[in-house]
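Given next are the chains, with one letter for each unit.
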Amino acid sequence: MLESFSQTIWLVPLYAFAGALLALPWSPGIIRQTGPRPSGYINLIMTFLAFCHSFLALFAVWGQPARSLSFHWLNAANLSISLDLQVSTLNIGALLLITGLNLAAQIYAIAYLEMDWGWARFYSLVALFEGGMCALVLCNSLFFSYVVLEILTLGTYLLIGFWFNQSLVVTGARDAFLTKRVGDLILLIGVVALLPLAGTWNFDELARWAATAKIDPTVANLLCLTLIAGPMGKCAQFPLHLWLDEAMEGPMPATILRNTVVVSTGAWVLVKLEPVLQLSPLTLQVMVIVGSVTAIGASLIAIAQIDVKRSISYSVSAYMGLIFIAVATGQTQTALTLLFTYSIAMALLVMVVGNIVWNTVSQDVSQYGGLWSRRPISGISYLIGAASLVALPPFGGFWALTRLADRLSEISGLLLLVLLIVNALTAFSVTREFCVFFGGKIKPMTVRSPEALWPLVVPMTVTAGFALHVPILLAKWNLLPDFGGLNLGVVFLLVASTVAGIVPSAYLYLSESVPKPIVFQPKAVQDFFAYDLYTARLYKVTIVFVVGLVSNIVNWIDRFLVDGVVNLVGLAALFSGQSLKYNVSGQTQFYVLSIVLGISLIGIVVCWPLLAQISLVFG
């Protein structure tokens, strides 16, 4: 009985797509009598069915070797493309995480979008997200993984622009789409170039090919650099990181998904491509540099933000930077474990923040304070999420970060230092957010700020309970580090970095002796991080300026040279036509004139050499 669920696991993405289609009649208002709410309930039911299907399939494949499914798609001009799927404990576990978080986000949206009439559009787009991510984790083909990533890019654009009547929303959606398209286009070059070299797009076959491949180092470097461009954009890594900050203009329920599982799709493809990336040591070094710069830079930027959603978004980029470091150093299992613990913790933090912002109507952290007495459930949930995100035992994030730190200590002390700095800065950032929300005195914005409606509170508390059980799950799955070979000195440094971030942050933001708002000196340094390292301005005076200049030059050439030639030909044709129209007027004198002019022109052409000699004689 359970075996049938694993054999039909390919139906899981189709549940979401079916929900998106069934919601369409409410989108244009064809069904007006019921309002838009049935569209949301239909998608909730379909997501619940997908979750149950994945849950039952997990029992069928538990402890079993991975199986492959293949559906023939195209065979033309010596090109054969098949949709390859992989059914394993890892893939179905990822399905459970995706459908579970989607179910929580959709319940959360019932209250968050209570007064919004765009339910059908929102739930259809969330279903598009869900179906795309489920298809991606099942897909065992690089080609179809790229296709799914493009679907997710479209979904990101549409969800960020959900409230499209606001100018900042339109700008954020546009910038997010264009930024991710840069990485996607470069990735497409790598996808196309890889097929002639490896002869396949199947991830398992690519791993076997990479183990024995002997290709030119320059070709390997160029190929692998193009393959990491797409994940860089999806994971919001420098210099393609600004889109995630602007994506915060979208609804908070969509942020729950985008900041957890959507950004993780790029990391998932990166893990799948890790055997191929090992062909290029240069690419691995680039990944380490990009991951380190993004992790440290984003952690510093997060501390300087006063918009809480943007502060959280930069913490996302920082953790994705750690994923890049883990994959570059060959720690794919650790990277997947970190993705799992991070996704649960970040989802919980976003839910708590959305819960508070929903009825307080402000994202400015300087306007908050004293919420502990009014929102104890939110406060406890936030503490659980923050503790699960950083290296604080015995929570889930501690075990994943410990495995990463233990391996980095053997590879490079500098990379271990990067991890310690990022962990300390993240601990400082999440403690700061907790203190400004729940600590201090009550402010005018928080005088009347009770716990929100049950659709906001229930998913938050369930996720908090699940976060508490993550260490137990890791133990059941044999994903805890080996305690016998664990470097206790590294563990001590990791926990010490967490404490080094929590203690000063709590002192600065809870102590009444420290004037608020806190201004770090020199102010220029604080502004440097508050304005995202001035990256947007740097883009404006470099890339945007060059593109604008080239566009103006091309526009001038098109208008004055290309259009000029075309207009000249048109004027010549018009003049000729106007001149020749007299030949068909029906009057004899015009026919005679045309004959005389034609004979004269022919005579001049024929006699031109003789006329030239006569001119020489008289000359």
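The present account deals with the structure reproduced in this document. Quick caveat: nothing in here was measured; it's all calculated off a predicted structure. (Residues numbered from 1 in each chain as written. Predicted model: local features only at pLDDT ≥ 70, side-chain atom pairs only at ≥ 80, totals over all residues. Heavy atoms only, no water.)

## Some details on helix α17 (residues 376–389)
A rise of 1.5 Å per residue sets the reference length of α17, with its 14 residues, at 20 Å; its end C-alpha atoms lie 20 Å apart and thus fit the reference within 8%. The buried fraction of α17 is high, at 10 of 14 residues. Those residues of α17 lying buried are Ser 378, Gly 379, Ser 381, Tyr 382, Ile 384, Gly 385, Ala 386, Ala 387, Ser 388 and Leu 389. On its buried face, α17 is in contact with α15 (308–328), α16 (332–360), α18 (396–411), α19 (413–438) and α20 (454–468). (Helix = DSSP H or I, 4+ residues; strand = E, 2+ residues; numbered from the N terminus. Expected span 1.5 Å × (residues − 1). Buried < 20%, exposed > 50% of the residue type's maximum accessible area, 1.4 Å probe, protein only. Contact = heavy atoms within 4.5 Å.)

## Some thoughts on unusual backbone geometry
With an omega dihedral of 5°, the bond running from Phe 238 to Pro 239 counts as a cis peptide bond. Inspection of the secondary structure assignment puts Pro 239 in the loop between α9 (217–234) and α10 (242–246). Note the cis peptide between Pro 393 and Pro 394, where omega equals 5°. Assignment of secondary structure puts Pro 394 in the loop between α17 and α18. Despite not being glycine, Asn 478 has its phi angle at roughly 60°, a positive value.

## With respect to the pattern of salt bridges
Scanning all chains against the criterion turns up 6 salt bridges. Two residues, Asp 184 and Arg 181, come together in a salt bridge whose shortest N-O distance is 3.7 Å. In this pair, Asp 184 and Arg 181 both sit in helix α7 (residues 167–198), 3 residues apart, roughly one turn of the helix. According to the relative accessible area criterion, Asp 184 is buried, its value standing at 0%. The salt bridge partner of Asp 184 is Lys 234, with a shortest N-O separation of 2.8 Å. Taken together, the positions of Asp 184 in helix α7 and Lys 234 in helix α9 put the pair 50 residues apart, joining distant regions of the chain. Here Asp 184 matches Lys 234 in class, with each residue buried. The network of salt bridges with shared partners includes Glu 150, Arg 181, Asp 184 and Lys 234. (Salt bridge = Lys/Arg side-chain N within 4 Å of Asp/Glu carboxyl O.)

## Some thoughts on α16
Helix length check: α16, at 29 residues, gives a terminal C-alpha distance of 41 Å against a target of 42 Å (1.5 Å per residue), a fit within 8%. Here α16 lies mainly inside the structure; 25 of its 29 residues are buried. Remark: Val 361 follows α16 within two positions and exhibits a positive phi of approximately 60°.

## So, the packing of α15 against α16
Taken N-terminus to C-terminus, the directions of α15 and α16 make an angle of 180°; their axes are 11 Å apart at the nearest point. What the angle tells us is that α15 and α16 run roughly antiparallel. Residues Val 308, Ile 312, Ser 315, Val 316, Tyr 319, Met 320, Leu 322, Ile 323, Ala 326 and Val 327 of α15 pack against Ala 335, Leu 338, Leu 339, Tyr 342, Met 346, Leu 349, Val 350, Val 353 and Val 357 of α16. Of the residues assigned to the contact of α15 with α16, the class counts are 18 nonpolar, 1 polar and no charged. (Axes fitted to C-alpha atoms, helices over the stretch in contact; angles between N-to-C directions. Parallel < 35°, antiparallel > 145°, perpendicular 65-115°, else oblique. Nonpolar A, V, L, I, M, F, W, Y, C, P; charged D, E, K, R; others polar.)

## What about the pairing of strand β1 (residues 67–76)?
In terms of burial, β1 is largely open, as just 0 of its 10 residues are buried. Sheet analysis places β1 next to strand β2 (residues 79–87), joined by 9 bridges and oriented antiparallel. Within β2, the residue paired with Arg 67 across the bridge is Val 87. (Pairing = 2+ DSSP bridges.)

## A word on the state of the cysteines
Following the criterion strictly, the structure yields 0 disulfides and no others. A disulfide-free cysteine, Cys 139 has its sulfur positioned 13 Å from the sulfur of Cys 134, the nearest such atom. (Disulfide = S-S within 2.5 Å.)

## With respect to the environment of Ser 280
Inspection of the secondary structure puts Ser 280 in the loop between α13 (274–277) and α14 (281–304). Note on Ser 280: relative accessible area 0%, which makes it buried. Remark: the alpha-carbon pair of Ser 280 and Glu 249, spanning 31 residues in sequence, is separated by 38 Å. Not counting chain neighbours up to four residues away, the residues in contact with Ser 280 comprise Ala 220, Asn 221 and Cys 224.

## Focus on the packing of aromatic side chains
By convention here, two paired aromatic rings are described through the distance between centres and the angle between planes. Under the criterion given, the structure shown has 24 aromatic pairs. Seen from their ring centres, Trp 372 and Phe 434 are 6.0 Å apart, and the 75° between their planes marks the pair as edge-to-face. Of the two residues, Trp 372 sits in the loop between α16 and α17 while Phe 434 sits in helix α19, which places them 62 residues apart along the sequence. Judged by its relative accessible area of 18%, Phe 434 falls in the buried class. An aromatic cluster of at least three residues, connected via ring pairs, comprises Tyr 41, Trp 119, Phe 122, Tyr 123, Phe 162 and Trp 163. (Phe/Tyr/Trp six-rings, centres within 6.5 Å; stacked < 30°, edge-to-face > 60°.)

## Some points on a nonpolar patch on the surface
Side chains of Phe 545, Val 546, Leu 549, Val 550, Ile 553, Val 554, Trp 556, Ile 557, Phe 560, Leu 561, Val 562 and Val 566 sit close together on the surface and give an oily, nonpolar patch of about 1100 Å² of accessible area. Here Val 566 shows up in helix α25 (residues 543–580). Look at Val 566 and you get exposed, because its relative accessible area is 54%. (Patch = residues over 30% accessible without salt bridge, like charges linked within 9 Å, V, L, I, M, F, W, Y side chains within 5 Å. Areas by Shrake-Rupley, 256 points an atom, 1.4 Å probe, with all protein chains shown as cover.)

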